[in-house]
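Spelled out from the first residue to the last, the chains are:
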Amino acid sequence: MPKALEGSQAIARAVGLCRPQVVAAYPITPQTHIVENISKLVADGKLDCEFVSVESEFSAASVALGAALAGSRAYTATASQGLILMSEVLFNIAGTRVPMVMTCANRALSAPLSIWNDQQDSMAVRDAGWIQIYCADNQDAVDTTIQAFRIAERCELPVMVCVDGFTLTHTLEPIEIPTQQQVDEFLPPYRFARTLNPLSPISLGTLVSPDFFPEARHSLHQALLRSQEEIVAAEDDWQAATGRRSGGLLEVVGPEDADVAILTIGSAFGTLVEAVESYPDVRPVKLIKLRVFRPFPSEALKAACLGLADLVVLERAFSPGMGGIVGSEVRAVLSDMSQPPRVHGYAVGLGGRDIPMDILPRILESIETPSEVPFRIFDVELSRLPEEDR
Amino acid sequence: MPRASGRSKTSDRASSRRGRKAADTAAEVPPPEAPVAAAAPAGVIVEGPVDLGEVRRRQPRFRGLESGHRACLGCGEALAARLVTEAAGPDVMLANATGCLEIFTTPWPESAWRVPWVHSLFENAAAVAAGMEAALKAQGKRTKVIAMGGDGGTFDIGFQALSGMLERGHNVLYVCYDNEAYMNTGIQRSSSTPHSAVTTTSPAGKERMGKRHLKKDIVSIIAAHHIPYAATASVAYPSDVRKKVRRAMAIDGPTFLQIHSPCPLGWGHDGSVTIEIARLAVETGLFPVIELERGSLAGVMPIRDKRPVVDYLKAQQRFRHLFVDEYRAKEELEHLQALADHNIEVYGLLGDGEDPYDSAGADTVRRGGSRWA
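A quick note: this is a predicted structure, and the numbers were derived from the prediction, not measured. (Residues numbered from 1 in each chain as written. Chains lettered and ligands numbered in written order. Predicted model: local features only at pLDDT ≥ 70, side-chain atom pairs only at ≥ 80, totals over all residues. Heavy atoms only, no water.)

**Student:** Can you lay out unusual backbone geometry for me, pointing to particular residues and giving the numbers?
**Tutor:** The omega torsion across Ala111 of chain A and Pro112 of chain A is -5 degrees, close enough to zero to call that bond cis. Counting through the fold element by element, Pro112 of chain A comes out in the loop between strand E5 (101–106) and helix H6 (120–124). Each neighbour pair has its own omega, and for Trp108 of chain B with Pro109 of chain B the value is 5 degrees, a cis peptide bond. Among the secondary structure elements, Pro109 of chain B is positioned in the loop between helix H5 (100–105) and strand E2 (117–119). With a phi angle near 75 degrees, Ser196 of chain B is a residue other than glycine that sits in the positive phi range. Among the secondary structure elements, Ser196 of chain B is positioned in the loop between strand E4 (172–178) and helix H9 (218–223). (Helix = DSSP H or I, 4+ residues; strand = E, 2+ residues; numbered from the N terminus.)

Structure follows, in structure tokens:
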């Protein structure tokens, strides 16, 4: 029976069902409701866990790291400035191959200051070595959070579950919360092979000379690549238990013979699905939901792009001075196809700017006239800028 | 050396099982499999050829930090870390901040640690330790967590995480090995560097007489968190270090220990006089050895024979610029003497007569003596 729940509340319940033993967090908009709800679960005796109210996100990540190493399932959540503040720890967690789960309530990065949604935060730490999974809606966020713990623990890798701030975290939706039994059967108790133990002491985080460093990095890279199998397996098993899917590595919807596709990451997918229904007269278009961004699902994407003439990449972040981040990676991956589609890149919804329904006809119209510019920020009103900045 | 991530030898695991309580007692029982002869009184001279393995097996103390690491000769920090882990015993987990100690003990694939040890970053040792403690608490385990850092990782970059850990009341002993500069990166000034000391980023010259700022009074700041126990100690007084570690280990709550640890390379003295230099810092009053409970002064190590600060300063290259015939140098020396006098007055450091725990009595090495209890 689905319940009407705010996204953050649903995510908190999903985390609670995974029985974390240590949760460390520092408040930041729009993540706050998630950790408030977890604190309440602890206060009400519904979740038996050590809730550590740290003094910064840097310590939130560090506490979670220490907890995971000492043998407890650990969780944290953050957004935006908080994610960037903990970025040094993020690289360290992944390099140490520590399993843990973090929710990133995606939000723009300052300056200028914005509390609203885009994905500049998680995109900025895409090289940290974390698995990154982006959620399209709140049911997806619940299911992915639970899967994330199993993926993390089986792969000895940290998993970042990215949910669009406000768009998902603060939206009320009918959501199916799994039973404790379903989660317990899916997710065994936390077990970490390198758990610190005075009876058999080990040293973790040692100094590594050039003689070993490339090998250590290679093994991290391979672990990320191999994690695709566990991500798919987690989704398959979860589907067997609940009947629900979130989209594997990526999901394609729309007519098979369409020669144009729009790729989105995160909650923009829902907007596009509705837009296709609202504009029945536009040309046939496929929609690609990129669910997993790290590891990048190169083969799945190439398969999804077979026969396409045009691929539009809509993303909520970009690299200033270069252009789209997802777009650039997509272009690179598709370049060895015999007939790759033309890739058109747009940054959309920056700093919480609304993504209107008419984005669909407008984008489809714009690709009719080939552009010299491979990347643009959608909806920029140049008249608001001084002449020299246009 | 044991291998990193490897398992230790059986004898160590056996000694680990004895737990913290056993390690806290002075004359430890030998490992179960050791022959009875190993319990011979300490200090007995063994005649004949020396079998190092046998000697080590007879070593009655638990060794958390094994020999063979890559510290410089006379490294105060290495000695202090050995004393701390010895006193703490095997039932511990360590979180080590980035620094010399982390570097010289764990060049992959080797490790000098015989206790669970983790290094994450420079500024998060206290937070990692807090996470470890939270996990152990969640699991109902009582293994003690110890965080370790240098003065850079404690006074400066790791200060926020440390303050947070103390404020939240984690059951963690934080040990700061204070060698008064960023030695691992090549002797740069930290907020622990004493006034007028020369480092590579506080050089002396026509316009400067070394560091222009005072050494941060870290223990007072820590004590202001009103934690159960905060103390300073010096590697010149090993039994005092052990006593304070054992005291902190027995407290269920956050505790802090600052150990003054000379760095021969950074301070500019011979590695053979580390202990003498450390003792002079105490005897001049420049480094007060004190204990604070819940923020209030609870004890001091009295100075039996007060020494002028020049005795301490002239023994180190980092203060060499103060010993020239120049007005500025004279002024700095007077200033440093005034700082020492101030410490002596504020903490009441001058002893009245002989005291086995004062600056002359406490460094007497007497194995099995009362001070070891």
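From this point on, the discussion continues.
**Student:** Can you explain a nonpolar patch on the surface? Please cite residues and give values.
**Tutor:** Taken together, the side chains of Ile377, Val380, Leu382 and Leu385 of chain A define a hydrophobic patch exposed on the protein surface, amounting to about 280 Å² of accessible area. Take Leu385 of chain A: its relative accessible area is 31%, and that puts it in the partly exposed class. (Patch = residues over 30% accessible without salt bridge, like charges linked within 9 Å, V, L, I, M, F, W, Y side chains within 5 Å. Areas by Shrake-Rupley, 256 points an atom, 1.4 Å probe, with all protein chains shown as cover. Salt bridge = Lys/Arg side-chain N within 4 Å of Asp/Glu carboxyl O. Buried < 20%, exposed > 50% of the residue type's maximum accessible area, 1.4 Å probe, protein only.)

**Student:** A description of the packing of helix H1 (residues 7–17) of chain A against helix H2 (residues 32–43) of chain A should follow, citing residues and the corresponding values.
**Tutor:** Residue and element names in this part refer to chain A. Relative to each other, H1 and H2 sit at 45 degrees, their axes nearing to 8 Å. One way to sum up the angle between H1 and H2 is to call them oblique. In terms of crossing hand, the pair formed by H1 and H2 is right-handed. Across the interface between the two elements, Ser8, Gln9, Ile11, Ala12, Arg13, Val15 and Gly16 of H1 pack against His33, Ile34, Asn37, Ile38 and Leu41 of H2. Among the residues forming the contact of H1 with H2, the class breakdown is six nonpolar, five polar and one charged. (Axes fitted to C-alpha atoms, helices over the stretch in contact; angles between N-to-C directions. Parallel < 35°, antiparallel > 145°, perpendicular 65-115°, else oblique. Left-handed = near helix turned anticlockwise from the far one by under 90°. Contact = heavy atoms within 4.5 Å. Nonpolar A, V, L, I, M, F, W, Y, C, P; charged D, E, K, R; others polar.)

**Student:** Can you lay out the interface of chain A and chain B for me, pointing to particular residues and giving the numbers?
**Tutor:** Interfaces are frequently sized by the accessible area removed from exposure as the parts join. Counting residues at the interface gives 36 residues for chain A and 46 residues for chain B. In total, chain A and chain B occlude about 3,300 Å² of area from one another, counting both sides; carbon and sulfur atoms represent 61% of this. Among the residues chain A hides against chain B, the three largest losses belong to Pro198, Pro201 and Leu207 of chain A. Together they make up 18% of the total. For the pair chain A and chain B, the number of links is two salt bridges. The salt bridge partner of Glu55 of chain A is Arg168 of chain B, with a shortest N-O separation of 3.0 Å. The interface formed by chain A and chain B holds 15 residue pairs in polar contact (both at pLDDT 80 or more) in total. For the side of chain A that touches chain B, the secondary-structure elements that each account for two or more residues are strand E3 (50–53), helix H3 (57–69), helix H5 (87–95) and strand E9 (203–204) of chain A. With eight residues, H3 of chain A is the largest single contributor of residues to the side of chain A that touches chain B. A class-by-class count of the residues in the side of chain A that touches chain B yields 19 nonpolar, 14 polar and three charged. Where E9 of chain A lies against E2 of chain B, two bridges are found, and the strand directions are parallel. The residue of E2 of chain B that forms the bridge with Ser203 of chain A is Trp117 of chain B. (Buried area = accessible area lost by both parts, 1.4 Å probe. Polar contact = N/O pair within 3.5 Å; in protein donor to acceptor, adjacent residues only side chain to side chain. Pairing = 2+ DSSP bridges.)

**Student:** Describe the side chain of Arg291 of chain A, listing the residues and the values that go with them.
**Tutor:** One can find Arg291 of chain A in the loop between strand E12 (286–290) and strand E13 (292–294). A distance of 3.0 Å separates the side chain of Arg291 of chain A from the side chain of Thr144 of chain A, its partner in a polar contact.

**Student:** Outline the state of the cysteines, listing residues and values.
**Tutor:** Residues and elements named next belong to chain A. The tally for this structure, following the rule as stated, stands at zero disulfides over all chains. Of all cysteine sulfurs in the structure, the one in Cys104 sits closest to Cys162, which takes part in no disulfide; the separation is 4.9 Å. Taking relative accessible area as the criterion, Cys162 reaches 1% and is therefore assigned buried. (Disulfide = S-S within 2.5 Å.)

**Student:** Give a detailed account of the sheet that holds E3 of chain A, specifying residues and quantitative values.
**Tutor:** Residue and element names in this part refer to chain A. Read from one edge to the other, the open sheet built from seven strands follows the order E3-E2-E4-E5-E7-E6-E13, with strand pairing classed as mixed. Unpaired on one side and paired on the other, E3 and E13 mark the two borders of the sheet. The average angle at which neighbouring strand axes cross in this sheet is 20 degrees, direction not considered. By the bridge criterion, two bridges tie strand E2 (residues 22–25) to strand E4 (residues 74–78) in an arrangement that is parallel. Its bridge partner being in E4, Val22 is matched across the sheet by Ala74. Of the strands in this sheet, E4, E5, strand E6 (131–134) and strand E7 (159–164) are in contact with helix H7 (residues 138–155), which crosses E7 at around 170 degrees.

**Student:** So what about the packing of aromatic side chains? Which residues, and what values?
**Tutor:** To describe a pair of aromatic rings, one takes the distance between the centres and the angle between the planes. Summed over all chains, the structure comprises eleven aromatic pairs over all chains. Aromatic pair Tyr346 of chain A and Phe378 of chain A: ring centres 6.3 Å apart, planes at 85 degrees, arrangement edge-to-face. On the criterion of sequence distance, the pair formed by Tyr346 of chain A in strand E15 (residues 342–347) and Phe378 of chain A in the segment after strand E16 (375–377) is long-range, its members being 32 residues apart. A centroid spacing of 6.0 Å and a plane angle of 10 degrees characterise the contact between Tyr174 of chain B and Phe256 of chain B, whose relative ring orientation is stacked. Residue Tyr174 of chain B is located in strand E4, and its partner Phe256 of chain B is located in strand E6 (residues 255–260); the two are separated by 82 residues in the primary sequence. Its relative accessible area of 1% is what places Tyr174 of chain B among the buried residues. Its guanidinium or amino end placed over the ring of Phe159 of chain B, Lys216 of chain B lies 4.9 Å from that ring's centre, counting from NZ or CZ. One residue, Arg318 of chain B, lies across the ring of Trp267 of chain B, its end atom 3.9 Å from the ring centre. (Phe/Tyr/Trp six-rings, centres within 6.5 Å; stacked < 30°, edge-to-face > 60°. Lys NZ or Arg CZ within 6 Å of the ring centre and 35° of its normal.)

**Student:** Help me get a handle on the environment of Glu153 of chain A, residues and values and all.
**Tutor:** Residues and elements named next belong to chain A. Within the secondary structure layout, Glu153 lies in helix H7. In this structure the C-alpha to C-alpha distance between Glu153 and Val276, which are 123 residues apart in sequence, comes to 39 Å. In contact with Glu153, not counting residues within four places along its chain, are Arg73, Pro99, Leu187, Pro188 and Tyr190.

**Student:** Outline the nonpolar core, supporting the account with residue identities and numerical values.
**Tutor:** Soluble globular proteins tend to pack their nonpolar side chains together in the buried interior. In terms of nonpolar packing, the biggest core is built from 95 residues, with Leu311 and Val330 of chain A together with Phe256 of chain B touching the most fellow members. Residues Val84, Val92, Leu173 and Ala362 of chain B belong to the second largest nonpolar core, which totals 62 residues. (Core = buried A, V, L, I, M, F, W, Y, C linked by side-chain atoms within 4.5 Å.)

**Student:** With reference to specific residues and values, describe the sheet that holds E6 of chain B.
**Tutor:** Sheet architecture is open: nine strands sit in the order E9(A)-E2(B)-E1(B)-E3(B)-E4(B)-E6(B)-E5(B)-E7(B)-E8(B), paired in mixed fashion. A single partner strand is all that each edge strand has here, and the edge strands are E9 of chain A together with strand E8 (296–300) of chain B. The strands that helix H4 (residues 76–88) of chain B touches are strand E1 (92–96), strand E3 (144–150), E4 and E6 of chain B; relative to E4 of chain B, the one it contacts most, it runs at about 160 degrees.

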